[in-house]
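Working through the structure, step by step
In case you want the letters, here they are:
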Amino acid sequence: MRKPVIAGNWKMYKTIAEAVDFVEKIRPVADKASHCEAIVAPPFTALRAAAEAARGSALRVAAQNCHWDKEGAHTGDVATVMLRDAGCTHVIIGHSERRHDCGETDEQVNKKVKAALAAGLTPIVCVGETLEEREKGETEKVLECQFMRGLAGLTPADFSRIMIAYEPVWAIGTGRTATPEMAAQAHGFLRRLARQQFGASEPDGVRILYGGSVKPDNIGGLMAQEEIDGALVGGASLKVDSFTALINYLRG
Ligand code: PEP
């Protein structure tokens with residue numbers, strides 16, 4: 001019932017030429033992959049070229065961030081309408097690297113989610129605990145706080161248009177993956193929260209992706225969990241071979 005999503009977050013990697021070359025190679029893979037949706041998130045500079053290279057295929061293009069205002073004096077920022085103009089359909093919001101590097105708050109995440117929805121983009125909203133928080137037994141408290149604040153004021157209809165990415169901070173770029181059971185537990189918790197907050201039907205359809213050192217050799221086990229609806233992948237999304245293997249995952 002929930003179509004899986006495999007999304008590659010390229011972070012601050014790839015020039016325009018590298019992005020176009022990658023998209024040209026991956027678009028036939030995305031077209032054949034009727035079992036899942038494939039998305040790539042290039043850096044801002046390569047968004048338009050990547051979207052043009054993906055045009056007419058099943059591959060979708062996401063931005064890695066946005067501002068909440070429609071326009072204005074925000075040096076270095078990019079508005080959601082500009083992302084649409086560049087050909088994006090999705091935008092990653094609240095990635096832990098932005099929360100840590102740029103001090104992004106749940107309140108800002110909330111404004112960005114609303115702006116993305118208003119512009120017709122699908123927000124991929126990231127939540128996740130640090131190692132210290134997990135070791136203190138605070139994982140659910142942290143997830144609840146990020147979820148409630150980041151999604152405050154959304155209607156059930158708004159909620160049905162978003163994706164959530166559970167990304168434990170200690171698993172991002174570290175080679176240390178949450179076990180499929182740990183991830184499924186967090187996803188189950190988020191879906192229960194969603195049901196409490198948004199009623200019975202929409203939360204059942206919302207895709208919750210797992211992110212944190214997903215690789216071709218561990219995706220099968222993760223995707224075998226009913227609660228895991230896909231993956232948000234950093235490092236392993238940068239090479240055509242590994243991203244192809246991720247899109248063509250086999251359930252473990
Ligand atoms: C990410 O960038 O969201 C991520 C999960 O990175 P990695 O797969 O490299 O851990």
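Here is a short report on the structure shown in this document. Bear in mind that the values here come from a model prediction, so they are computed numbers and not experimental data.

Throughout the structure, instances matching the rule amount to 14 salt bridges. Between Lys25 and Asp21 there is a salt bridge, with its nearest N and O atoms 2.9 Å apart. Highlighted residues: Lys25 and Asp21, both in helix α1 (residues 16–32), separated by 4 residues, approximately one helical turn. Overall, the relative accessible area of 37% leaves Asp21 in the partly exposed class. Between Lys136 and Glu132 there is a salt bridge whose closest N-O contact spans 3.8 Å. Here the two residues Lys136 and Glu132 agree in accessibility, since each one is exposed. Look at the salt bridges and you will find they share partners, linking Arg2, Arg191, Glu227 and Asp229 into a network.

Okay, unusual backbone geometry next. Notably, Lys14 is not glycine yet its phi reads approximately 90°, a positive angle. As for its placement among the helices and strands, Lys14 is situated in the loop between β1 (5–9) and α1. Its identity as a non-glycine residue notwithstanding, Ser213 has a phi of 55°, on the positive side. Within the secondary structure, Ser213 is located in the loop between β7 (208–211) and α11 (219–223). Of the residues examined, Ser213 reaches a relative accessible area of 10% and is grouped as buried.

Looking at where Leu238 falls in the secondary structure, it is placed in the loop between β8 (230–233) and α12 (240–247). With 230 residues separating them along the chain, Leu238 and Gly8 place their C-alpha atoms 7.6 Å apart. Excluding residues that lie within four positions of it along the chain, Leu238 makes contacts with Trp10, Tyr13, Lys14 and Phe22.

Quick look at the site of the ligand now. Surveying the vicinity of the ligand reveals 14 residues, the closest of which are Lys11, Glu167, Gly173, Ser213 and Gly234. One nitrogen or oxygen atom from the side chain of His95 is found 2.8 Å from an oxygen atom belonging to the ligand. Burial of the ligand by the surrounding chains reaches 97%, relative to a free accessible area of 290 Å². Of the residues contributing to the shell around the ligand, the split by class is 4 nonpolar, 8 polar and 2 charged.

Here is what the cut-offs are and how they apply
- Residues numbered from 1 in each chain as written.
- Predicted model: local features only at pLDDT ≥ 70, side-chain atom pairs only at ≥ 80, totals over all residues.
- Heavy atoms only, no water.
- Salt bridge = Lys/Arg side-chain N within 4 Å of Asp/Glu carboxyl O.
- Helix = DSSP H or I, 4+ residues; strand = E, 2+ residues; numbered from the N terminus.
- Buried < 20%, exposed > 50% of the residue type's maximum accessible area, 1.4 Å probe, protein only.
- Contact = heavy atoms within 4.5 Å.
- Near = heavy atom within 4 Å.
- Polar contact = N/O pair within 3.5 Å; in protein donor to acceptor, adjacent residues only side chain to side chain.
- Areas by Shrake-Rupley, 256 points an atom, 1.4 Å probe, with all protein chains shown as cover.
- Nonpolar A, V, L, I, M, F, W, Y, C, P; charged D, E, K, R; others polar.

By themselves, these are just geometric observations and shouldn't be taken as functional.
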